[in-house]
Amino acid sequence: MFVPAPLHRNGARRRNMGKAGTCPIFAPGLCKVDETPKGWYIQYIDRDPETIKRQEELERKKKQDLDDEERTAKFIEEQVKRGKSEKEEETPVYTELNRENEEEKVVFNLAKGASASGPSSSKPSGSLANNALKPPAVTGPVKRKDPTLNPPKDKKKKSALDEIIEMEEKKKKTERTDHWLHPEIVVKIITKKLGEKYYKKKAVVKEVIDRYTAIVKLIDSGDKLKLDQTHLETVIPVPGKQVLILNGGYKGNFGTLESINEKSFSATIVISSGPLTGRKVEGLPYEDFSKMA
């Protein structure tokens, strides 16, 4: 919040109003003050024990999310390595055909359908041609293929890439975060600590800091405030207006508000961006989307 610098009796601005970081018109520790060319910038410091406790919980949650991301990255790396190893095993290995004795001739027996290396046969070529036209003789019992050696494949084995895609889809369906702020959405101020001047006023998020804090600009007065997301709430527009989904599996998608269900505090939204364009999302909670500026 910007406050004009006080004037001396002669009309000049008083520059040395106080030390940096202190506020002579407020109790110490309740706000931070910086002098700017436009005036004094006052930032409220929330010392509420519940807010401090919530910030500690958010830090623990942030650390847990980082650990989950590391485990996911490690799992993906292992799946990729396994896929590469399977591909290498399937690659055929070619060897060079060598003969121990260079004087021996290679003989092809067309009757048996196989090749062998050994001394040349003394039978005439005509007999060899006749044998090629005759079916091979059965010299013993017919062996049947054992079905237990190669059992039928009921289910196709998934590749490493398929498993990664499936895992990402499951993660996206259940993905929720404890932060929802996003630039250019309309929000409502719900804290009374700033006075009645700002309570229940609507503003536009101009900048997000550390995921949980936002610089907002009031729509009616143009004042700028720095607030925690616990002091803000989403704004539900009338049906037909554009919204942005802020949490859940469809986070980051723009959509059009189709209808509102007041009993369940949810709405039906039709996706209007990305590959999911046209998909209807029902039962989306109020806090998971907000009006676009």
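Each chain has its residues counted from 1, following the order in which its sequence is written. The predicted origin of the model limits local features to residues at a pLDDT of at least 70 and limits the giving and counting of side-chain atom pairs to 80 or more, whereas totals for whole chains, interfaces and linings rest on all residues. Hydrogens and water molecules were not included; the side-chain quantities draw on all heavy atoms of the structure.

1. Examining the overall build of the protein
Helix and strand content of the protein: 3 helices and 15 strands. Relative accessibility thresholds used throughout: buried, under 20% of the residue-type maximum; exposed, over 50%; partly exposed, between the two (1.4 Å probe, protein chains only). Put simply, the protein has 293 residues, and 24% of those count as buried. Any two residues whose heavy atoms approach within 4.5 Å at even a single point are treated as in contact. Within the protein, counting contacts between residues at least 6 apart in sequence, those at least 24 apart form 44% of the total. Here the Shrake-Rupley method, with its probe set to 1.4 Å, supplies the accessible areas, and only the displayed protein chains count as covering residues. Of the roughly 22100 Å² of accessible surface on the protein, a fraction of 53% belongs to carbon and sulfur atoms. Counting from the N terminus, the helices are the DSSP runs of H or I reaching at least four residues and the strands are the DSSP runs of E reaching at least two.

2. Some details on the sheet that holds strand β9 (residues 224–228)
The strand order β9-β8-β7-β6-β10 describes an open sheet built from 5 strands, whose pairing is antiparallel. Each edge of the sheet is formed by a strand with only one pairing partner; in this case those strands are β9 and β10 (232–234). Going across the sheet, the axis of each strand differs from the next one's by a mean of 45 degrees, ignoring polarity. Two strands make a pair as long as DSSP finds a minimum of two bridges between them. Direction of pairing for strand β6 (residues 186–189) relative to β10: antiparallel, over a ladder of 3 bridges. In the sheet register, isoleucine 189 faces β10, and the bridge partner there is leucine 232. Throughout, an axis means a line fitted to C-alpha atoms (over the contacting stretch in the case of helices), and angles, computed between N-to-C directions, take values from 0 to 180 degrees.

3. Comments concerning the nonpolar core
Nonpolar cores are built from buried Ala, Val, Leu, Ile, Met, Phe, Trp, Tyr and Cys residues. Side-chain atoms within 4.5 Å join them into one set. Ranked by size, the top nonpolar core spans 17 residues in total, and within it Trp180, Ile185, Val187, Ile189, Val216, Leu225 and Leu232 carry the most contacts. With 3 residues, the top contributor of residues to this core is strand β8 (residues 213–218). Sequence-distant contacts of tryptophan 180, that is, excluding residues within four places in its chain, are made with Ile185, Val187, Gln229, Leu232, Glu233, Thr234 and Leu246. Formed by 11 residues, the second largest nonpolar core is a distinct cluster that contains Leu276, Val281, Tyr286 and Phe289.

4. A few points about the pattern of salt bridges
The term salt bridge refers to a side-chain nitrogen of Lys or Arg lying within 4 Å of a carboxyl oxygen of Asp or Glu. Scanning the model with the defined rule gives 6 salt bridges in all. Put simply, glutamate 184 and lysine 206 hold a salt bridge, and the shortest N to O gap is 3.9 Å. Highlighted residues: glutamate 184 in the loop between α3 (160–173) and β6 and lysine 206 in strand β7 (residues 202–209), separated in sequence by 22 residues. On the accessibility criterion, lysine 206 (42% relative accessible area) is partly exposed.

5. Describing the sheet that holds strand β11 (residues 242–245)
The strand order across the open sheet formed by 5 strands is β14-β13-β12-β11-β15, and the pairing between neighbours is antiparallel. The open sheet has two edge strands, β14 (280–285) and β15 (289–291), and neither has a second partner. If you compare each strand with its neighbour and ignore which way they point, the axes differ by 45 degrees on average. Pairing of β11 with strand β12 (residues 254–261), which is carried by 3 bridges, proceeds in the antiparallel orientation. Pairing of leucine 244 across the sheet is with phenylalanine 254, part of β12.

6. Describing the environment of glutamine 43
Among the structural elements, glutamine 43 can be located in strand β3 (residues 39–44). Taking the relative accessible area as the measure of exposure, glutamine 43 reaches 21% and is therefore partly exposed. As for glutamine 43 and lysine 32, which are separated by 11 residues in sequence, their C-alpha atoms are 5.0 Å apart.

7. Some thoughts on the environment of isoleucine 42
Assignment of secondary structure puts isoleucine 42 in strand β3. On the accessibility criterion, isoleucine 42 (11% relative accessible area) is buried. Sequence separation between isoleucine 42 and cysteine 31 is 11 residues; the distance between their C-alpha atoms is 6.5 Å.

8. Looking at unusual backbone geometry
For aspartate 210, which is not glycine, the phi dihedral falls at a positive 55 degrees. Within the fold, aspartate 210 resides in the loop between β7 and β8. In the Ramachandran plot, arginine 211 falls in the positive-phi region, its phi being about 70 degrees despite a non-glycine side chain.

9. Section: the packing of aromatic side chains
Where two aromatic rings form a pair, the distance of their centres and the angle of their planes describe that pair. The aromatic pairing rule takes the rings of Phe, Tyr and Trp, using the six-membered ring of Trp, and pairs them if the centres are within 6.5 Å, calling planes under 30 degrees apart stacked, those over 60 edge-to-face and the rest tilted. Evaluated as defined, the whole model comprises 1 aromatic pair. Note on phenylalanine 265 and tyrosine 286: the rings are 6.2 Å apart at their centroids and 90 degrees apart in plane angle, and the pair reads as edge-to-face. On the criterion of sequence distance, the pair formed by phenylalanine 265 in the loop between β12 and β13 (266–271) and tyrosine 286 in the loop between β14 and β15 is long-range, its members being 21 residues apart.

10. Observations regarding the confidence of the model for the protein
Taken residue by residue, the protein gives an average pLDDT of 75. The fraction at 70 or more is 62%. Scored from 0 to 100, pLDDT records how confident the predictor is in each individual residue. In the predicted structure, residues 7–26 sits below a pLDDT of 50 and forms 24 contacts with residues beyond four places in sequence or in another chain. Per-residue pLDDT stays below 50 along residues 112–125; that stretch engages in 12 contacts with residues further than four places along the chain or on separate chains.

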